[in-house]
Amino acid sequence: MTVIAALKEQLSATAGWQTHLEGELEQEYMQRLAAFLDGEMAAGKAVYPQTADWLQALQSTPLDAVKVVILGQDPYHQPGQAHGLSFSVQPGVKVPPSLKNMYKELATDLQVSEPDHGFLQRWAEQGVLLLNTVLTVEYNKAGSHQKKGWEPFTDRIIETVNSQCSGVVFVLWGSHAQKKAAMIDDSKHLILESVHPSPLSAFRGFFGSRPFSQINEYLEASGRTPVNWQLESLEAKPDQGALF
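Just so it is clear, the model here is predicted, and its values are computed rather than measured. (Residues numbered from 1 in each chain as written. Predicted model: local features only at pLDDT ≥ 70, side-chain atom pairs only at ≥ 80, totals over all residues. Heavy atoms only, no water.)

Caption draft 1: Expanded view of the overall build of the chain. Of regular secondary structure, the chain possesses nine helices and six strands. A compact globule built from 244 residues should have a C-alpha radius of gyration of about 18 Å, and the chain, at 17 Å, falls within 12% of that. Dimensions of the chain, computed from C-alpha atoms along their principal axes, come out at roughly 50 × 45 × 30 Å. Restricting the contact set of the chain to residue pairs at least 6 apart, pairs at least 24 apart contribute 68%. Each charge sign in the chain was given a centre, from 19 positive and 27 negative side chains, and these centres are 5 Å apart. (Helix = DSSP H or I, 4+ residues; strand = E, 2+ residues; numbered from the N terminus. Rg over C-alpha atoms; globule rule 2.2 N^0.38 Å. Contact = heavy atoms within 4.5 Å. Lys, Arg positive; Asp, Glu negative; His and termini not counted. Charge placed at Lys NZ, Arg CZ, Asp CG, Glu CD.)

Put into structure tokens, the structure is as follows:
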């Protein structure tokens, strides 16, 4: 199956997104991106996440359910990690450093226990759109698919949330994500910005920023159900032990 065919199939399985995004698949930038990805995979290069998960963020969070957008950059680039949700890893995979710092802040902010896994599907199902600005990556090459065409597509996703939804909290961690603030109408949405939770920067303002309680306070003030950030324990899959 070609890249464009796979994306069309995945978009057809989303709730609310297809109407606003299907036209993007005909754009010149998307044709260039598709040619690049088709060529990479034809050459035998490992691309993560698996093709069926490229639009997992949209499939997990219907457009009319979006309450929060947490913006990441590109997927994890080691086997078994990425599955289409920003910051999230598959069950049984060791929690990556940035997500571990998110959990530390969550525990301090809301006095909940730190999860013992990094699978954030439960957040997505509550209306937290976990979106990377680049949706694929080559094995062991962080940032390898940046500026290949994904950014205009994910910009369109952000624009769709901005125009079609109200009272959404946009969480922009780090300079890369903060560049998207110009696309967001802060008269109808809340923008939360801080440094990235990466170990390289978390101590410069991420810790103590209390994003999770701020999100819930805003949602409750808007008459919406707050997010239950507590993640229950999962049993690791036998073939996906703590590999990393």
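On we go.
Caption draft 2: Local environment of the pairing of strand 5 (residues 169-173). Among the five residues that make up strand 5, five are buried, leaving the element largely enclosed by the rest of the structure. Side-chain alternation along strand 5 places Val 169, Val 171 and Trp 173 on one buried face and Phe 170 and Leu 172 on a second face that is also buried. The sheet contact formed by strand 2 (residues 68-72) and strand 5 spans four bridges and is parallel. Each residue of the ladder has a partner; that of Val 69, found in strand 5, is Phe 170. (Buried < 20%, exposed > 50% of the residue type's maximum accessible area, 1.4 Å probe, protein only. Pairing = 2+ DSSP bridges.)

Caption draft 3: Examining the pattern of salt bridges more closely. Within the structure shown, the criterion is met by nine salt bridges. Between Arg 156 and Glu 24 there is a salt bridge; the shortest N-O distance is 3.8 Å. In this pair, Arg 156 is assigned in helix 7 (residues 150-164) and Glu 24 in the loop between helix 2 (18-21) and helix 3 (28-42), connecting sequence segments 132 residues apart. With its nearest N and O atoms 3.2 Å apart, the salt bridge here joins Glu 28 to Arg 32. Remark: Arg 32 and Glu 28 occur in helix 3; sequence separation between them is four residues, near one turn of the helix. (Salt bridge = Lys/Arg side-chain N within 4 Å of Asp/Glu carboxyl O.)

Caption draft 4: Looking closely at the sheet that holds strand 5. Sheet architecture is open: four strands sit in the order 3-2-5-6, paired in parallel fashion. Two strands bound the open sheet, and with one partner strand each, they are strand 3 (128-132) and strand 6 (190-194). If you compare each strand with its neighbour and ignore which way they point, the axes differ by 20° on average. Across five bridges, the pairing between strand 2 and strand 3 is parallel. In the sheet register, Leu 71 faces strand 3, and the bridge partner there is Leu 131. Across the sheet, helix 7 touches strand 2, strand 3 and strand 5, and the angle it forms with strand 3 is around 155°. Most of the contacts of helix 9 (residues 211-221) go to strand 6, to which it runs at about 175°, and overall it touches strand 2, strand 5 and strand 6. (Axes fitted to C-alpha atoms, helices over the stretch in contact; angles between N-to-C directions.)

Caption draft 5: Focus on the pairing of strand 2. Most of strand 2 sits inside the fold, with five of its five residues counted as buried. Residue alternation in strand 2 divides its side chains into two sets, Val 68, Ile 70 and Gly 72 and Val 69 and Leu 71, and both sets are buried.

Caption draft 6: Looking closely at the confidence of the model for the chain. On average, residues of the chain score 94 in pLDDT, and 96% of them are at 70 or above. Under a pLDDT of 50 for its full length, residues 236-244 has, in the predicted model, 16 contacts with residues more than four places off or in other chains. (pLDDT = per-residue confidence, 0-100.)

Caption draft 7: Structural context of unusual backbone geometry. Omega for the peptide link from Tyr 48 to Pro 49 comes to -5°, which places this bond in the cis form. Among the secondary structure elements, Pro 49 is positioned in the loop between strand 1 (47-48) and helix 4 (56-60). Residues other than glycine seldom take positive phi values, yet Asn 140 does so here, at roughly 65°. Relative to the assigned elements, Asn 140 resides in the loop between strand 4 (137-138) and helix 7. We classify Asn 140 as partly exposed; its relative accessible area is 46%. A positive phi is found at Lys 147, a non-glycine position, where the angle reads about 60°. With respect to the secondary-structure elements, Lys 147 resides in the loop between strand 4 and helix 7.

Caption draft 8: Quick peek at the nonpolar core. By size, the foremost hydrophobic cluster in this structure holds 68 residues, and its most contacted members are Trp 123, Leu 129, Phe 153 and Val 161. Those residues in contact with Trp 123, other than ones at most four positions away along the chain, are Met 102, Tyr 103, Leu 106, Val 128, Leu 130, Phe 212, Asn 228, Trp 229 and Leu 231. (Core = buried A, V, L, I, M, F, W, Y, C linked by side-chain atoms within 4.5 Å.)

Caption draft 9: Just helix 3, in detail. For helix 3, built from 15 residues, the straight-helix expectation of 21 Å at 1.5 Å per residue is met to within 8% by its first-to-last C-alpha distance of 21 Å. Taken together, the buried positions of helix 3 are occupied by Tyr 29, Met 30, Leu 33, Ala 34, Leu 37 and Glu 40. The buried residues of helix 3 occupy an angular sector of 130° when the element is viewed end-on, so they sit on one face. Exposed residues lying more than 90 degrees from the buried face of helix 3 are Glu 28 and Ala 42. (Expected span 1.5 Å × (residues − 1). Arc of directions from axis to C-beta.)

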